[in-house]
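The residues making up each chain are set out below.
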Amino acid sequence: MTLQTLTSFSGGQWLPPAGERRALHSAITGAPIAEVVGEADVSAMVAYAKDVGGPALRALSFHERASMLKALAKAVMEKKDALYALSYQTGATKADSWIDIEGGAGTLFAYASKGKRELPNAHVLVDGAPEILSREGTFIGQHVYTPLKGVAVHINAYNFPIWGMLEKLGPTLLAGVPAIVKPASSTAYLAEAAFKVLIEAGVLPGGALQFIAGGVGDLFDHLDGQDSIAFTGSACTASKLQSDPRVAREAIKFTAERDSLNASILGPDAAPGTPEFDLFIKEVAKEMTVKAGQKCTAIRRAMVPASHLDAAQEALSARLAKTTVGDPRVDGVRMGALASLGQLDDVRSKVAALSAQNPIVFGDLDGGAFTGDDVSGGAFMSPILMRCERPWEADAVHDVEAFGPVSTLMPYTDAADAIALANRGKGSLAISVFTHDAAAATGFVMGSASHHGRMVFINRDCAKESTGHGSPLPQLVHGGPGRAGGGEEMGGIRGVKHYMQRTALQGSPGMLSKVVGQYLPGAPKDEGERHPFRLKFGELEPGYSITTKDRTITLEDIEHFADFTGDTFYAHMDEDAAAKSPIFGGRVAHGYLILSFAAGLFVDPAPGPVLANYGLDGLRFVKPLKPGETMKATLTVKSKSQRTPEMGEVKWCVDVTSPEGELYASYDLLTMNEV
Ligand code: NAP
């Protein structure tokens, strides 16, 4: 087999191999399969990212960057067969590789879709509502996000070389920030293959993405406060890197995802024989064996009511006994190898330390039968289950993470004890609770959510569709406090904002409206000649406005509406009862009647560029409107976002007022308009 040669991708090209060579080995056979050659000029890489990649990415809108992510995801899916073939060498089974390869592509797809749906087709992201800061409303505040003008350095773990790279790249590129990816060396050959797919997709601007094969050298010396470091790996390396004086001095953003002693709790209500007991056993066994337990979210501490400890041990051991371990390419193998022999040594030494306090009740640390012809040099081990009889007297089980197919069962006395034990891990990425009791779940949230980045309740109602204990999802936050690093990744658009600066803008409404590309309250309006429903998407500008004629609401209108819709709430129909109401003080118009009359006043009925009204946001009925009172509506273009080449969303701000300007109701109206 020819050795794959890994070099860095720097300044838009793969560097020629030169200098020191370091061999990488197959996890299955132990044979060399790749070598890392040479050192990158990291200072040139940082400069190229900042001078070339950043400006090119920032020139694109959120939607253009989202389209880019979609193209990258498609490219990964098109080349997935080659990636699957190589992935076996990391010890991964086909199912493990699915998480890495298709899970990685899925994360990019998710960010592409969220970018299109939840971000504007613009360069600035408006954050929250404007703040009126002055009596006359001539001075306001508005928070905005803009992309950081630096480079994102991603230092990744070895366990999911593709997903680990893509889950960081999705939010980074969507934010408009270039990245330098440094994969973990032991599986860098797979990360490099996937990275090549991204580059060869041909959609990334130059400098958007670079790759370091080998060490980072003096990379940190070239970073400053516009840069960020997102690290995944051991707590030891994380704290070393985080305490680099340059990181502190320049306030470089540092996010860490590191060791995590994740817990899973069999709820107090979940006795043997309940669906929750069976689901718990299945999940613990799954988390121990998927990816040979090398998942940052894997269940390391399995907690059960003390009276069920023996039953849980028996059921779990029976399930683990069915796991065939060996060459992941062989049919029937359910668990592959650890990623490297070094990792195998590390896990063995950690289990040795743990088992001094907690005896092994399933598995063989030094042996086991492994399926396959040529596996004697591979990094295989059997799943190991330990039993910790007195968890309050044991320290190691709450402190030491064996990053392999290893978990420890322990008893708890009551829910408070389970919560305290779970929190003794000092912060984790994920915790699961198997319960069918909502009151118990509430207790766990109040007692334990503070210590865990993600909390999943699994029971008979959701198990079939549940994504399980250990799956980080692009929509949800991944990260945890304390030992888990205190970082947060993904979480939908939250993850994009990590690569942007939030700035509080202050100024006049007119100026800030122009700056953010949105009509803000108090900004001058453009009362145009033409009805806005006659204008195409491209002709409408924020601030374009019409005010309708007046309409007086009569008692007959209210009764007609009540009769027609069936809404005969006393406030509209019963004068005596309404008079006693502290809010109404007499009969008032239905809120929906006000909305309907507003539409009747501002709609221009003939077919035209407005294709559909598809919703209202932020509706508030501010003041009741009584029979005999008069209303009018003001319709103002608030913002626009093109959705497809043919259509764009227009958000209109609608104010329903008295002729004197007193506000009855306000809302944002959403229409889809022809471009
Ligand atoms: P590690 O030694 O800390 O390595 C992690 C990454 O840091 C690798 O890319 C590594 O590169 C790099 N690195 C190491 N020293 C560095 C330095 N001085 N400067 C810059 N980069 C450096 O972790 P590991 O032992 O390979 O990984 C196992 C641990 O990772 C486990 O204990 C597990 O808890 C943790 N993990 C956590 C998560 C999570 O999301 N929380 C996920 C996966 C793994 P090289 O490989 O080239 O040394």
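These lines cover the structure that appears in this document, whether it is placed above or below.

What counts, and where the lines are drawn
Per-chain numbering applies: the sequence of each chain, read as written, is numbered from 1 onward. Thresholds applied to this predicted model are a pLDDT of at least 70 for local features of residues and 80 or more for the giving and counting of side-chain atom pairs; totals over whole chains, interfaces and linings are not thresholded and use all residues. No hydrogens and no water enter the side-chain calculation; it runs on all heavy atoms of the structure. Two strands are counted as paired when DSSP detects at least two bridges linking them. Put simply, DSSP marks the helices as runs of H or I at least four residues long and the strands as runs of E at least two long, and each gets a number from the N terminus on. Every axis corresponds to a line fitted to the C-alpha atoms, with the helix fit spanning only the stretch in contact, and the corresponding angles, defined between N-to-C directions, vary from 0 to 180 degrees. Whether two residues are in contact is decided by their heavy atoms, any of which lying within 4.5 Å being enough. Ring geometry is summarised as follows: Phe, Tyr and Trp rings, the Trp one being its six-membered ring, pair when their centres sit within 6.5 Å, and such pairs are stacked at plane angles under 30 degrees, edge-to-face over 60 and tilted between the two. Only protein chains enter the accessibility calculation, which uses a 1.4 Å probe. A residue is then buried if its area is under 20% of the maximum for its type, exposed if over 50%, and partly exposed in between. A ring is scored as having a charge over it whenever the NZ atom of a lysine or the CZ atom of an arginine sits within 6 Å of its centre and within 35 degrees of its normal. When we say a residue is near a molecule or strand, we mean one of its heavy atoms is within 4 Å of it. Side-chain atoms alone can form a polar contact between residues adjacent in sequence; in general such a contact is a pair of N or O atoms within 3.5 Å, and within protein one must be able to donate a hydrogen while the other accepts it. For the area figures, the Shrake-Rupley method with a 1.4 Å probe applies, and any residue is considered shielded solely by the protein chains shown. Delimitation of the domains relies on an automatic or database domain assignment. A clockwise course of the path from the first strand over the helix to the second, judged with the strands pointing away from the viewer, identifies a crossover as right-handed. Roughly parallel refers to an angle under 35 degrees, roughly antiparallel to one over 145, roughly perpendicular to one between 65 and 115, and oblique to any angle outside these ranges. Should the near helix be turned anticlockwise from the far one by less than a right angle, the crossing is left-handed, and should it be turned clockwise, the crossing is right-handed. For this classification, Asp, Glu, Lys and Arg are treated as charged, while Ala, Val, Leu, Ile, Met, Phe, Trp, Tyr, Cys and Pro are nonpolar and the rest, including Gly, are polar. Joining through side-chain atoms within 4.5 Å is the link that ties buried Ala, Val, Leu, Ile, Met, Phe, Trp, Tyr and Cys residues into a set, and such a set is a nonpolar core. A pair is scored as a salt bridge if a Lys or Arg side-chain nitrogen falls within 4 Å of a carboxyl oxygen belonging to Asp or Glu.

1. Focus on unusual backbone geometry
Even without being glycine, Ala292 reaches a positive phi, approximately 50 degrees. We note that Met490 has phi near 50 degrees; this positive angle belongs to a residue other than glycine.

2. Here's the deal with the sheet that holds strand 6 (residues 125–132)
As summarised here, the arrangement of the three strands in space is 6-7-22, forming an open sheet in which the pairing is antiparallel. Each having just a single partner strand, strand 6 and strand 22 (500–507) make up the two edges of the open sheet. Each neighbouring strand pair of the sheet contributes to a mean axis angle of 20 degrees, computed without reference to strand direction. In this structure, strand 7 (residues 140–147) lies alongside strand 22, joined through eight bridges in antiparallel fashion. Bridging from a neighbouring strand, Val144 pairs with Thr503 of strand 22. Of the strands in this sheet, strand 6, strand 7 and strand 22 touch helix 16 (residues 509–516), which is tilted by about 155 degrees from strand 22.

3. So, the packing of aromatic side chains
Scanning the entire structure with this criterion turns up 13 aromatic pairs. Here Tyr158 and Phe403 contribute two aromatic rings whose centre-to-centre distance is 6.0 Å and whose plane-to-plane angle is 85 degrees, an arrangement assigned as edge-to-face. Here the residue Tyr158 occupies a position in the loop between strand 8 (152–155) and helix 5 (163–175), and Phe403 occupies one in the loop between helix 12 (396–399) and strand 17 (406–412), the gap between them amounting to 245 residues. Considered together, Tyr158 and Phe403 belong to a single accessibility category, that of buried residues. Site record: aromatic cluster; members linked through ring pairs are Phe9, Trp14, Phe195 and Phe211. One cation-aromatic arrangement involves Lys94 over Tyr84; the distance from NZ or CZ to the ring centre is 5.0 Å. Lys291 extends its terminal NZ or CZ atom over the ring of Phe160, reaching a point 5.3 Å from the ring centre.

4. Remarks on the site of the ligand
Among the 25 residues in the neighbourhood of the ligand, the closest are listed as Asn156, Ser185, Ser234, Thr237 and Glu401. Here Ser234 contributes a side-chain N or O atom positioned 2.6 Å from an oxygen atom of the ligand. When the free accessible area of the ligand is taken as 900 Å², the share hidden by the protein chains comes to 80%. Listed by contribution, the elements that provide at least two residues to the shell around the ligand are strand 11 (228–232) and helix 7 (235–242). Top element by residues in the shell around the ligand is helix 7. It accounts for three residues. Two domains share the shell around the ligand, each providing at least three of its residues, namely domain 1 (4–259 + 494–500) and domain 2 (263–473).

5. Section: the sheet that holds strand 16 (residues 384–387)
An order of 15-16-17-14-13-18-19 is seen for the seven strands of this open sheet, with the pairing classed as mixed. Both outer strands of the open sheet, strand 15 (360–362) and strand 19 (452–458), are each paired with one neighbouring strand and no more. Each strand axis lies, on average, 25 degrees off the axis of its neighbour in the sheet, ignoring direction. Direction of pairing for strand 13 (residues 263–266) relative to strand 14 (residues 301–305): parallel, over a ladder of three bridges. Bridging from a neighbouring strand, Ser264 pairs with Ala302 of strand 14. Together, strand 13, strand 14, strand 17, strand 18 (428–434) and strand 19 form the strand contacts of helix 13 (residues 415–423), whose direction differs from that of strand 17 by roughly 145 degrees.

6. Thoughts on the pairing of strand 18
In terms of residue burial, strand 18 counts as a mostly covered element, since seven of its seven residues are buried. Pairing of strand 13 with strand 18 involves four bridges; the strand directions are parallel. Within strand 18, the position partnered with Leu266 by the bridge is Phe434. Pairing analysis gives six bridges linking strand 18 to strand 19, with the strands arranged parallel. Directly across from Ser432, in strand 19, lies its bridge partner Val456. Crossover strand 18 to strand 19 through helix 14 (residues 438–448) is right-handed.

7. Here we look at the packing of helix 2 (residues 62–78) against helix 5
Look at helix 2 against helix 5: their axes get within 8 Å of each other, and the N-to-C directions meet at 155 degrees. Between helix 2 and helix 5, the angle falls in the class roughly antiparallel. You can see that helix 2 and helix 5 cross each other, and the crossing is right-handed. For the pair formed by helix 2 and helix 5, the contact residues are Phe62, Arg65, Ala66, Met68, Leu69, Leu72 and Val76 on the first element and Leu166, Gly170, Leu173, Leu174 and Ala175 on the second. Residue classes in the contact of helix 2 with helix 5 are distributed as ten nonpolar, one polar and one charged.

8. Looking at the side chain of Asn262
As for its placement among the helices and strands, Asn262 is situated in the loop between strand 12 (253–257) and strand 13. Engagement of the side chain of Asn262 in a polar contact is seen with the side chain of Ser260, the distance being 2.6 Å. Of the polar contacts made by the side chain of Asn262, one reaches the backbone oxygen of Cys296; its length is 2.8 Å. Ignoring any residue separated from it by four or fewer positions in sequence, one finds Asn262 in contact with Cys296, Thr297, Ala298, Ile299, Arg300, Arg301, Ser428, Leu429, Ala430 and His469.

9. Digging into the nonpolar core
Among the nonpolar cores identified, the biggest contains 60 residues, and Leu169, Leu173 and Leu198 are the most heavily contacted of them. The element that contributes the greatest number of residues to this core is helix 6 (residues 188–200), accounting for nine residues. Dropping the residues within four chain positions of it, Leu198 is found in contact with Leu72, Val76, Met165, Leu166, Leu169, Leu204 and Leu209. Core analysis: the second largest hydrophobic core is formed by 37 residues, Phe380, Met381, Ile384 and Ala422 among them.

10. Points about the environment of Gly491
Assignment of secondary structure puts Gly491 in the loop between strand 21 (489–490) and helix 15 (493–497). On a C-alpha basis, the gap between Gly491 and Leu86 in space is 30 Å, while along the polypeptide they are 405 residues apart. Not counting chain neighbours up to four residues away, the residues in contact with Gly491 comprise Tyr111, Pro474, Gln475, Leu476 and Val477.

11. Some words on the packing of helix 17 (residues 555–565) against helix 20 (residues 591–602)
In contact at an axis separation of 10 Å, helix 17 and helix 20 are set at 105 degrees when each is read in the N-to-C sense. Overall, the two elements helix 17 and helix 20 adopt an arrangement that is roughly perpendicular. Across from Asp557, Ile558 and Phe561 in helix 17, the residues of helix 20 making contact are Tyr592, Leu593, Ser596 and Phe597. Looking at the contact of helix 17 with helix 20, its residues break down into five nonpolar, one polar and one charged.

12. Section: the pattern of salt bridges
Enumeration over the complete set of coordinates arrives at 29 salt bridges. For Glu287, the salt bridge goes to Lys295, with nearest N and O atoms at 3.3 Å. Taken individually, Glu287 and Lys295 each receive the classification buried, so the pair is uniform in this respect. We note a salt bridge from Lys651 to Asp617, for which the minimum N-O separation is 4.0 Å. Of this pair, Lys651 sits in strand 28 (residues 647–657) while Asp617 sits in strand 26 (residues 610–621), and the two are 34 residues apart along the sequence. Residue Asp617 is classed as partly exposed on the basis of its relative accessible area, which comes to 34%. Salt bridges sharing partners connect three or more residues here, namely Lys50, Asp224 and Asp227.

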